[in-house]
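# Structural overview
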Amino acid sequence: MAFPATRLRRLRSTAPLRALVRETSLQASDLILPVFVEAGLDGRTAIEAMPGVERLSISQAVEEAGAAAALGLPGVLLFGIPAHKDPEGTGAYDDEGIVQLATRAIKEAHPGLLVLTDVCLCEYTDHGHCGLLGPDGAVDNDPSVELIARTAVSQARAGADAVAPSDMMDGRVQAIREALDEEGLTDTPIIAYSAKFASAFYGPFRDAAGSAPAFGDRRGYQLDPANADEAVREALQDVDEGADMVMVKPALPYLDVVRAVKEATRLPVAAYNVSGEYAMVKAAAATGHLDERTAVLEALTAIRRAGADVVITYHAKDAAQWLQQ
Ligand code: PBG
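Okay, so let's go over this structure. (Residues numbered from 1 in each chain as written. Predicted model: local features only at pLDDT ≥ 70, side-chain atom pairs only at ≥ 80, totals over all residues. Heavy atoms only, no water.)

Compared with an ideal rise of 1.5 Å per residue, which puts 17 residues at 24 Å, helix α4 (residues 141-157) spans 24 Å between its outermost C-alpha atoms and is within 8% of the ideal. α4 sits mainly inside the fold: 12 of its 17 residues count as buried. Those residues of α4 that sit buried are N141, S144, V145, L147, I148, A149, T151, A152, V153, S154, Q155 and A156. Of the surrounding elements, those touching the buried residues of α4 are α3 (98-109), β5 (114-119), β6 (162-165) and α5 (172-182). Positioned one or two residues after α4, G159 has a phi angle of 120 degrees, which is positive. (Helix = DSSP H or I, 4+ residues; strand = E, 2+ residues; numbered from the N terminus. Expected span 1.5 Å × (residues − 1). Buried < 20%, exposed > 50% of the residue type's maximum accessible area, 1.4 Å probe, protein only. Contact = heavy atoms within 4.5 Å.)

Here it is, written out as structure tokens:
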């Protein structure tokens, strides 16, 4: 029926009516907080481009995890900054490595909080790439996959509730599944960063984690930002290899991909609202050009509307607080 019989504004006219017909919900229980843990650190160190985000010592990470739990967040995603980096990224699969130690400490203090761990070598290699380098200087897929699987097993043994490979090597989900199962870790889920794009929006994270590649870039293994069909193929392949959840990253410039991956896989989908997305909002809020609270809640709702079940975001604690009010 056409106007004037139909007036779409009717259902927008009061707050209770708007609430009644709202299609997308946003709750603290949808949000995961990324946490940076640094070996040998005493206390907390600020990250310049990411106001409100800090690198933490293990005891501070335990405290941060407690704060996340108190706000109703279901879990944290751990990133480690090791004391020592080398070409093989040995710190990643060291049973006494920074993420393994932090995982044990957090699970002991807050057993009900999910500890998810990022599985990658880039924070642990001195060259900053996500795997082992071959003689030609390119990342060598198959030997890297072996180390990635070792890393996942080591983290799961330390108590990680799920492992999240972000390296974008081919075949790593299958290798991780087999390695976990061999260790009897058959119930540890894999959250695959399936559609991870070679993005400029990771800039602040690389400063935070000290993981910028020493030479070249990640375009030889991360997805081309122009490709959505290929992103869906990556996700479907990860599903075939045994992924329990799939992820799209970054989030806001890739909402079409979130939707396409959700429709193709029908798995729980996570979207990672990355460091650069966070830094943009914080910078604009600091100058007064954006209202931070409204902008953040709008952006997170939009990511959910696109099809994300879970949003990984540095805004998680603030958002949880705002959603309580
Ligand atoms: C790789 C990894 C990256 C991020 C998460 N895992 C960076 C990269 O690929 O360079 C980026 C997260 C962010 O920007 O917030 N281990």
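Anyway, onward from the coordinates.
It is worth spelling out the site of the ligand at this point. For the ligand, the set of nearby residues contains 18 residues, the closest of which are K196, R206, K249, S275 and Y314. Between R206 and the ligand, the recorded distance is 2.5 Å, taken from a side-chain N or O atom to an oxygen atom. Contact between the ligand and K249: a nitrogen atom at 3.1 Å from a side-chain N or O atom of the residue. (Near = heavy atom within 4 Å. Polar contact = N/O pair within 3.5 Å; in protein donor to acceptor, adjacent residues only side chain to side chain.)

Once that is clear, we can look at the packing of helix α10 (residues 292-306) against helix α11 (residues 316-324). Viewed as axis vectors pointing N to C, α10 and α11 meet at an angle of 100 degrees, and their least axial separation amounts to 10 Å. In terms of their interaxial angle, α10 and α11 are classed as roughly perpendicular. Side by side, α10 and α11 meet where E292, R293, V296, L297 and L300 of the first sit next to D318, A319, W322 and L323 of the second. Considered class by class, the residues forming the contact of α10 with α11 number six nonpolar, no polar and three charged. (Axes fitted to C-alpha atoms, helices over the stretch in contact; angles between N-to-C directions. Parallel < 35°, antiparallel > 145°, perpendicular 65-115°, else oblique. Nonpolar A, V, L, I, M, F, W, Y, C, P; charged D, E, K, R; others polar.)

Here we come to a negative patch on the surface. On the surface, a cluster of negative charge is made up of D136, D140, D142, E146 and D170. Topologically, E146 is positioned in helix α4. The class for E146 is exposed, based on a relative accessible area of 60%. (Patch = residues over 30% accessible without salt bridge, like charges linked within 9 Å, V, L, I, M, F, W, Y side chains within 5 Å. Areas by Shrake-Rupley, 256 points an atom, 1.4 Å probe, with all protein chains shown as cover. Salt bridge = Lys/Arg side-chain N within 4 Å of Asp/Glu carboxyl O. Lys, Arg positive; Asp, Glu negative; His and termini not counted. Charge placed at Lys NZ, Arg CZ, Asp CG, Glu CD.)

Looking at the element boundaries, V139 is found in the loop between β5 and α4. When near neighbours in sequence (up to four residues on either side) are disregarded, V139 contacts H129, G131, L132, L133, S144, M169 and Y221.

Close approach of charged atoms allows side chains of opposite charge to pair. Enumeration according to the criterion identifies 17 salt bridges in this entry. A salt bridge links D95 to R157, with the nearest nitrogen and oxygen atoms 3.3 Å apart. One end of the pair, D95, is in the loop between β4 (75-81) and α3; the other, R157, is in helix α4, with 62 residues separating them in the sequence. For D95, a relative accessible area of 34% translates into the label partly exposed. Among the residues examined, R157 registers a relative accessible area of 46% and is labelled partly exposed. The partner of R157 in a salt bridge is E183, with the nearest N and O atoms 3.2 Å apart. With R157 in helix α4 and E183 in the loop between α5 and β7 (191-196), this pair connects stretches of sequence that are 26 residues apart. Classification of E183 by relative accessible area gives partly exposed; the value is 42%. Connected via shared salt-bridge partners are R44, E54, E64 and K317.

If you check helix α9 (residues 275-286), its first and last C-alpha atoms are 16 Å apart, about what 12 residues at 1.5 Å a residue would give, namely 16 Å. Extensive coverage of α9 is indicated by the burial of nine of its 12 residues. Within α9, the full set of buried residues consists of S275, G276, E277, Y278, A279, V281, K282, A284 and A285. Packed against the buried residues of α9 are α6 (203-209), β9 (269-273), α10 and α11. In the stretch just after α9, G288 is the one whose phi turns positive, near 85 degrees.

If you walk through the whole model with that rule in mind, you get nine aromatic pairs. Every member of this aromatic cluster is reached through a ring pair, and the members are F36, F79, Y193, F205, Y272, Y278 and Y314. Sitting over the ring of F205, K249 keeps its end group 6.0 Å from the ring centre. Its end group placed over the ring of Y272, K249 keeps NZ or CZ at 4.7 Å from the ring centre. (Phe/Tyr/Trp six-rings, centres within 6.5 Å; stacked < 30°, edge-to-face > 60°. Lys NZ or Arg CZ within 6 Å of the ring centre and 35° of its normal.)

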